[in-house]
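Residue-level structural notes
Listed below, chain by chain, are the residues.
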Amino acid sequence: MTYPVTQQSHISEAVGRRSGIQALKDSAIAVLLVGAAALAVSLLALPVAHAQTREVRIGYQKYGTLIILKARGTLEKRLAPLGVSVKWAEFAFGPPLLEAINVGSIDYGTVGEAPPIFALSAGADLVYVANEPPALTAEGILVRKGSPLKTPADLKGKKVAVAKGSNANYLLVKVLEKAGLKWTDIQPVYLAPADARAAFETGAIDAWSIWDPFLAAGQTQIGAQVIADATGVANNYQYFLASRSYAQKNPEIIKAIVEETARIDDWGGKNKKEVGAFLAKEVGLDAATAELAASRLAYGIKPISAEVLADQQRVADTFYEFRLIPKKVTVNDAVFKPAP
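Owing to the predicted nature of the structure, the values given are computational and were not obtained by experimental measurement. (Residues numbered from 1 in each chain as written. Predicted model: local features only at pLDDT ≥ 70, side-chain atom pairs only at ≥ 80, totals over all residues. Heavy atoms only, no water.)

What about the overall build of the chain?
Let me state the cut-off plainly: Put simply, DSSP marks the helices as runs of H or I at least four residues long and the strands as runs of E at least two long, and each gets a number from the N terminus on. Residue exposure (1.4 Å probe, protein chains only): buried if accessible area is under 20% of the type maximum, exposed if over 50%, otherwise partly exposed. Whether two residues touch is decided by their heavy atoms; if any such pair falls within 4.5 Å, the residues are in contact. All accessible-area figures derive from a Shrake-Rupley calculation using a 1.4 Å probe, and residue coverage is judged against the displayed protein chains alone.
A tally of helices and strands in the chain yields 13 helices and 11 strands. Every one of the 340 residues in the chain was classed for burial, and the buried ones make up 46%. The long-range fraction of contacts in the chain, counting pairs at least 24 apart against all pairs at least 6 apart in sequence, stands at 78%. Surface exposure of the chain reaches about 16600 Å², of which carbon and sulfur atoms provide 57%.

What follows is the structure, given as structure tokens:
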């Protein structure tokens, strides 16, 4: 059928409009499809890019079971399904480690029996999580080979190096007390382990109160003699502590760390020679030093008990009595108590 020219023009315009509308619809659908595809790709990428959204930062020293836990990587495997990564930080001794927890640089770590008392007295918001058993021979007071100093009583008037606030600080206090000496009867020289070793070898100090593996290194490498250890004067517990806020917010992570440490402890207690070989490799110790230090480690992490708390309270009271800390500390206030 043939339409008039005017009508044909109207029909053409209508067809054109319909074609334009369809084109717009097709374009919109295409945009939606491209957008949906891009969204799908981005969603698929999310588990890979953002799987690890949390982190636990752990402080360790060149001794003990945490360094074995670090090297074995079992904690990382345990925490990976929770989307938690692990970052490790090494410290020379306990007080700087606890200060790092206090200022928020790390979340968790292990130290001897004295550092928590100094930290708590300074206002640090820390909590005790667990402890390892007494290690009575893993700390001691060294004198040089051939020294005329034979007993703790001989330390009167002498220069004795010690890391302030360390477990060896408490050991020295108690050894002097047992020998009938006061803190003021000696000349304490506060030095970090590396500096104390140098001063000890050059004769700038007369004795050195120290822990393993530095104690073992002094014995095996330069023939130093132990005139006293913790037997009968201190328990030398090893403590695991955390930032209170971190522990309260992440109890499942704290639980996982303790459980994985317990597995390492169980293996270590049954394989002390292997632990020695492991420490030699990881820490860079000679075999004799590493084996001696490993033989004196205490294995078997446990929850904080009333008996252990009482011992820590005695440490706190002793330091306050000697005016080595500015205020009294109530240890029971710093025990981690996860919510039910």
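Moving on from the model shown.
Focus: the nonpolar core
Rules: Here the nonpolar core consists of buried residues drawn from Ala, Val, Leu, Ile, Met, Phe, Trp, Tyr and Cys, with membership extended through side-chain atoms lying within 4.5 Å.
In terms of nonpolar packing, the biggest core is built from 65 residues, with Y128, L155 and F319 touching the most fellow members. For L155, the residues in contact, after removing those within four places along its chain, are I141, L149, V160, L176, D185, I186, A207 and I227. The next biggest cluster of nonpolar side chains, apart from the first, holds 43 residues, and it includes I58, Y108, L285 and I301.

Points about the packing of helix α6 (residues 167-178) against helix α13 (residues 306-321)
Threshold: All axes here are fitted lines through C-alpha atoms, helices being fitted over the stretch that makes contact, and every angle between N-to-C directions spans 0 to 180 degrees. An angle below 35 degrees is read as roughly parallel, one above 145 as roughly antiparallel, one from 65 to 115 as roughly perpendicular, and any other as oblique. Here the nonpolar group is Ala, Val, Leu, Ile, Met, Phe, Trp, Tyr, Cys and Pro; Asp, Glu, Lys and Arg are the charged ones; every other residue, Gly included, is treated as polar.
Relative to each other, α6 and α13 sit at 70 degrees, their axes nearing to 11 Å. Between α6 and α13, the crossing angle belongs to the class labelled roughly perpendicular. Residues N169, Y170, V173 and K174 of α6 form the contact with α13, whose own contacting residues are R314, V315, T318 and F319. In the contact of α6 with α13, the residues fall into 4 nonpolar, 2 polar and 2 charged.

Some details on the pairing of strand β8 (residues 207-211)
Formally: We call two strands paired when DSSP finds no fewer than two bridges between them.
Taking burial as the measure, the 5 residues of β8 include 5 buried ones, the bulk of the element. Side chains of β8 alternate between two faces, with A207, S209 and W211 and W208 and I210 buried alike. Judged from the 4 bridges that link them, strand β5 (residues 139-143) and β8 form a sheet pairing that is antiparallel. Counterpart to G140 in the pairing with β8 is I210. With 2 bridges connecting them, strand β6 (residues 159-162) and β8 associate as parallel partners. Bridged to A161 within β8 is W208.

Section: the pairing of strand β3 (residues 108-111)
Side chains of β3 alternate between two faces, with Y108 and T110 and G109 and V111 buried alike. Direction of pairing for strand β1 (residues 54-60) relative to β3: parallel, over a ladder of 2 bridges. By the bridge assignment, I58 is partnered in β3 with Y108. Across 4 bridges, the pairing between β3 and strand β10 (residues 238-243) is antiparallel. Pairing of T110 across the sheet is with F240, part of β10.

Quick notes on unusual backbone geometry
Only a minority of non-glycine residues have a phi that is not negative, and only a minority of peptide bonds are not trans. Residues D212 and P213 are joined by a peptide bond in cis, for which omega reads 5 degrees. Structurally, the position occupied by P213 is in the loop between β8 and α8 (214-222). The phi angle at N236 is positive, at roughly 55 degrees, despite the residue not being glycine. Residues other than glycine seldom take positive phi values, yet R323 does so here, at roughly 60 degrees. The residue R323 is located in the segment after α13 in this model. Taking the relative accessible area as the measure of exposure, R323 reaches 60% and is therefore exposed.

Topic: the sheet that holds strand β11 (residues 302-303)
A sheet is described by the order of its strands in space; here 6 strands give the open sequence β2-β1-β3-β10-β4-β11, paired in mixed fashion. Here the strands that pair on one side only, and so sit at the sheet edges, are β2 (84-90) and β11. Of the strands in this sheet, β1, β2, β3, β4 (126-132) and β10 touch helix α2 (residues 65-72), which is tilted by about 135 degrees from β1. Its contacts with the sheet put helix α10 (residues 251-270) on β1, β2, β3, β4 and β10, and the angle it makes with β1 is roughly 45 degrees.

Here we look at the confidence of the model for the chain
What counts, and what does not: Per-residue confidence from the predictor is reported as pLDDT, a score between 0 and 100.
Counting all residues, the mean pLDDT for the chain is 87, and 84% of those residues have values of 70 or more. Confidence drops under a pLDDT of 50 for residues 1-52, and excluding neighbours within four residues, the segment shows 8 contacts in the predicted structure.

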